[in-house]
Amino acid sequence: MTTPSLAGTPAATRPMFGTVLVANRGEIACRVIRTLKALGIRPVAVYSDADAGARHVREADTAVRIGPAAATESYLNIGAIVEACRRTGAEAVHPGYGFLSENVEFARALEQAGIAFIGPGVEALNIMGDKIRSKNQVAGYGVPVVPGVAQPGMTDAQLADAAAGVGFPLLIKPSAGGGGKGMHVVQRPEDLAATLATARRVAASAFGDDTLFLERLVTTPRHIEVQVLADNHGNVIHLGERECSLQRRHQKVIEEAPSPLLEGLPDGAAIRARIGEAACNAARSVNYSGAGTVEFLVSDDAPDQFYFMEMNTRLQVEHPVTEMVTGIDLVEWQVRIAAGGELTVRQADVELHGHAAEARVYAEVPERNFLPSTGTVLLLDELPGPQQRPGAPARVAMETGRGRVRVDSSLMEGVEVSSSYDPMISKVIAWGEDRTAALDTLDAALAGYTALGLDTNVEYLRLLINDADVRAGRLETGLIERKLPGLSFRRAADAELAVAALFTLAMEGQNNTPPAPGPWQARNGWRLGAPAPRLVSLGTPDGGVAAVRVSGGRDTGAEADGTASDGTALDSTVSGRTFLVAVGDGPARPARLEFPSRRQAVLTLDGRTSTYSIAPVFRGPADPTRDSPVVGRPAELFLGNGGWSCRLDVLSREARLDRVLAALQREEGATDPAVRSPMPGTVVSVPVSDGDTVAAGQLLVSVEAMKMEHQLVAPLDGTVHLTARPGDLVKADQVLATIHPRAGDEGAGTNTDTDAFNGEGARHGRF
């Protein structure tokens, strides 16, 4: 496997930096810190108020607060980061990706302060950061580009006039954008004006520049990008390609190296050499230095035809797959090159070994139109293998039966995932001798991935990588949008409800003083004749109620001393005993719940055994009260199994009644007139005025949260009363607008264009 060989070269004797500040957060900050420590360099972290307890802060040698949670006042605050460098003696800054990683003004500010920027020079950032200039620049070096209109300063009217010449469908792209953010597809001429207005607003908000250009939309394209490395001594090499065609709304979801398209072609090696040389020429056109990625659209029908899209002048999210197949640490070379080192890896030295695939783990709910999720990580298990002792350094990689697994993560137990930043929380990367082995290893790793306390897309990722077309390598950028409606997501079933009910009773028994002897104080449902079953009411994720009745309790002899196999004390009235469990109107079935550890529960239901990770949330008083006569009952339970997870609420009588009444209203066709924010965020636009007459499905408010714009629509016809305006900071479930139905329309509103949650439309996109 190819690795950087430094012995006897100028790079080996040239002194590197003593202290480097990482101007980022999350998993990429942790990943950069890891290499800096391996190189003997002192890493400095920066953090906002929202990240004071974050993992990257704990892993760095020193950390500096740079502002409040808002990115504009912290991670995008150039002055605060330069000042942090001065305070800590940092000689260089690694920007990671996103935030200021491609910001020309940031690079200039560091240059003026005498601090090295671990990235390309200002001129390369300036040209490649402008998508219009970059296309014209690389075209002059023989790099093929997508047909379109790319002129600075074009108005909406000018773009509309030019659109006919480009042809429909077309793509609106922000000149200052990157990574697929802010791009919009226009299928028909009549949709162009409205989409241009949205694209300008999103571009101005995300990049501070609303300049747009148009490109012809290449149908059934493949997104293939090439990793390049260049030093300041005239050396430029490429490290092969990555396939990034599995995307949703222009955001990559699964990435691979090498591309299955090229691997499956007889002349694939020749095409790889051609596209790699085109990428190197793009880098040469701006005297590039450091690690960069050149992105191409490749025709699935004619793979020898490829078109330059853009150059990302930074490390990419998906860089680990290249590291896995080449053995080259890209962050290490970024640091060495920025310190003046010369590349000692030549193009002939680069060999691709095996196959690697990466899955991006997001805090989001795919079933609810990928609504971002927030919460506190209650239980975390990201890598297979034995549980680590508390306080031990986090494992990031391990060997498996068929390959290797690596996890780049920002998570640790107790960390809160808020709505302030991008919802990507980690990446799971797998390597195998071939593509099948790599995907199998990735699937097994995702099946074991557990992060309880918030929703993730792990189940969705497993469905994707096990799709027949994906397994066959038949990839294109529209595949996910086509497949998504047919994906079947798992729901909480009888087994999960039985686990929750038995666990709830176990916690009650463990956390309450045993009752006095005799039938009158017992809580086991004693009565003359057969004992009454215990009723546990559970709130399901869809807003419903599940009634679970538990009776019996025959001792099986297992765990008779009331402890789990790891010595944790448990309730002996539940653990290891067989009960009869009935869910809803279903029959009573034998069930037994055992506890291998405090974090796991093993259910045997009808002779079938399943293992769950389990994390309870307790609220309320520690002692019995009139309203809470039974303490120790969890308020919520998070269950995980095979990469899937769910939250179940343990309902009081009052909460159960509220849910039942709400369900009755839904059955009667009543529509809630309140339009609520799905999560904490900022109101970015309100296209209607207070008192306007609106129709069901009409856009009322747009809320930005986790770098996504959520468009909230009217749930029924009527008159709108607004309680929010642009710039307002809003809470989850806060009412932003209310619809007063027209006379005679009460309870008759229908909403055929909204999601299950209140008033949120289906249109939203990352930017």
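Please read all numbers here as calculations on a predicted model, not as lab measurements.

A tally of regular secondary structure across the chain gives 19 helices and 41 strands. The buried share of the chain, reckoned over its 767 residues, is 53%. Sequence separation of 24 or more characterises 65% of the internal contacts of the chain that already satisfy a separation of 6 or more. In the form shown here, the chain has an accessible surface area of approximately 31200 Å², with 49% of it arising from carbon and sulfur atoms.

The subject of this paragraph is the pairing of strand E11 (residues 236-248). It is a general feature of regular strands that their side chains alternate between the two faces of the sheet. Among the 13 residues of E11, 13 are classified as buried, and the element is accordingly described as predominantly covered. The sheet contact formed by strand E10 (residues 221-230) and E11 spans 6 bridges and is antiparallel. By the bridge assignment, valine 228 is partnered in E11 with histidine 238. What sits between E10 and E11 in their antiparallel hairpin is a turn of 5 residues, with glycine 234 showing a positive phi close to 90°. Relative to strand E12 (residues 251-257), E11 runs antiparallel, the two being bridged by 4 bridges. Following the sheet pairing, glutamine 247 is matched in E12 by lysine 252. Between the antiparallel neighbours E11 and E12 lie 2 residues, among them arginine 249 with a positive phi of about 55°.

Here we come to the environment of histidine 56. Note on placement: histidine 56 falls in helix H3 (residues 55-59). As a C-alpha pair, histidine 56 and valine 46 span 10 residues in sequence and 8.6 Å in three-dimensional space. When sequence neighbours within four positions are dropped, the list of residues in contact with histidine 56 reads Asn24, Arg25, Gly26, Ala29, Cys30, Ile33, Ala45, Val46, Tyr47, Asp51 and Tyr75. A polar contact of 2.9 Å, which involves the side chain of histidine 56, links it to the backbone oxygen of valine 46.

Turning to the sheet that holds strand E8 (residues 184-186), a few remarks are in order. The 4 strands are arranged E6-E9-E7-E8 in an open sheet whose pairing can be described as antiparallel. Each edge of the sheet is formed by a strand with only one pairing partner; in this case those strands are strand E6 (148-149) and E8. With 5 bridges joining them, strand E7 (residues 170-174) and strand E9 (residues 212-216) adopt antiparallel strand pairing. Looking at E9, one finds that proline 174 is bridged to leucine 212. Sheet strands touched by helix H8 (residues 156-166): E6, E7 and E9. Its angle to E9, the strand with the most contacts, is close to 15°. Lying on the sheet, helix H9 (residues 192-207) is in contact with E7, E8 and E9; it crosses E7 at an angle near 25°.

A few words now on the packing of aromatic side chains. According to the stated counting rule, one finds 7 aromatic pairs in the structure shown. Here the aromatic rings of tyrosine 75 and tyrosine 421 are separated by 5.6 Å at their centres, their planes lie at 80°, and the arrangement is edge-to-face. Here the residue tyrosine 75 occupies a position in the loop between strand E3 (62-67) and helix H4 (78-88), and tyrosine 421 occupies one in the loop between strand E22 (416-417) and strand E23 (424-432), the gap between them amounting to 346 residues. In terms of burial, tyrosine 75 and tyrosine 421 fall into one category: buried. Between phenylalanine 370 and tyrosine 460, the ring centres sit 5.0 Å apart and the planes meet at 70°, which makes this aromatic pair edge-to-face.

Remark: the empty space left among the atoms is shown by a probe the size of a water molecule rolled over them. Taken as a whole, this structure holds 5 cavities of 30 Å³ or more when the rule is applied. Reported here for the largest cavity is a volume of approximately 60 Å³. Tyr449, Thr450, Ala451, Leu452, Thr456, Val458, Gly640, Asn641, Gly642, Gly643, Trp644 and Ser645 together form the lining of the largest cavity. Elements with a contribution of two residues or more to the lining of the largest cavity: strand E24 (450-452), strand E31 (636-641) and strand E32 (644-650). Top element by residues in the lining of the largest cavity is E24. It accounts for 3 residues. The class makeup of the residues in the lining of the largest cavity is 5 nonpolar, 7 polar and no charged.

This brings us to the packing of helix H14 (residues 435-447) against helix H15 (residues 458-465). Remark: H14 packs on H15, axes separated minimally by 10 Å, with the N-to-C direction vectors making an angle of 160°. Taken together, the axes of H14 and H15 are roughly antiparallel relative to one another. Pair H14 / H15 crosses with left-handed handedness. Between H14, through Leu439, Leu442, Asp443, Leu446 and Ala447, and H15, the contact on the second element is made entirely by Val458, Leu461, Arg462 and Ile465.

Leu411, Val417, Val428, Leu442, Leu446, Tyr460 and Leu461 are the most contacted members of the largest nonpolar core, which has 41 residues in total. Where this core is concerned, the elements lending two or more residues are E12, strand E15 (355-362), strand E21 (403-409), E23, H14, H15 and helix H17 (479-483). Broken down by element, the residue count for this core peaks at 5 residues, all from H15. Leu497, Phe579, Leu637 and Leu639 belong to the second-largest nonpolar core, a separate cluster that totals 34 residues.

Cut-offs applied
Residues numbered from 1 in each chain as written. Predicted model: local features only at pLDDT ≥ 70, side-chain atom pairs only at ≥ 80, totals over all residues. Heavy atoms only, no water. Helix = DSSP H or I, 4+ residues; strand = E, 2+ residues; numbered from the N terminus. Buried < 20%, exposed > 50% of the residue type's maximum accessible area, 1.4 Å probe, protein only. Contact = heavy atoms within 4.5 Å. Areas by Shrake-Rupley, 256 points an atom, 1.4 Å probe, with all protein chains shown as cover. Pairing = 2+ DSSP bridges. Polar contact = N/O pair within 3.5 Å; in protein donor to acceptor, adjacent residues only side chain to side chain. Axes fitted to C-alpha atoms, helices over the stretch in contact; angles between N-to-C directions. Phe/Tyr/Trp six-rings, centres within 6.5 Å; stacked < 30°, edge-to-face > 60°. 1 Å grid on protein atoms, 1.4 Å probe; cavity = no way out; pocket = protein on both sides within 12 Å on 5 of 7 lines; lining within 4 Å. Points joined across faces, edges and corners; volume = space filled by probe spheres on them. Nonpolar A, V, L, I, M, F, W, Y, C, P; charged D, E, K, R; others polar. Parallel < 35°, antiparallel > 145°, perpendicular 65-115°, else oblique. Left-handed = near helix turned anticlockwise from the far one by under 90°. Core = buried A, V, L, I, M, F, W, Y, C linked by side-chain atoms within 4.5 Å.

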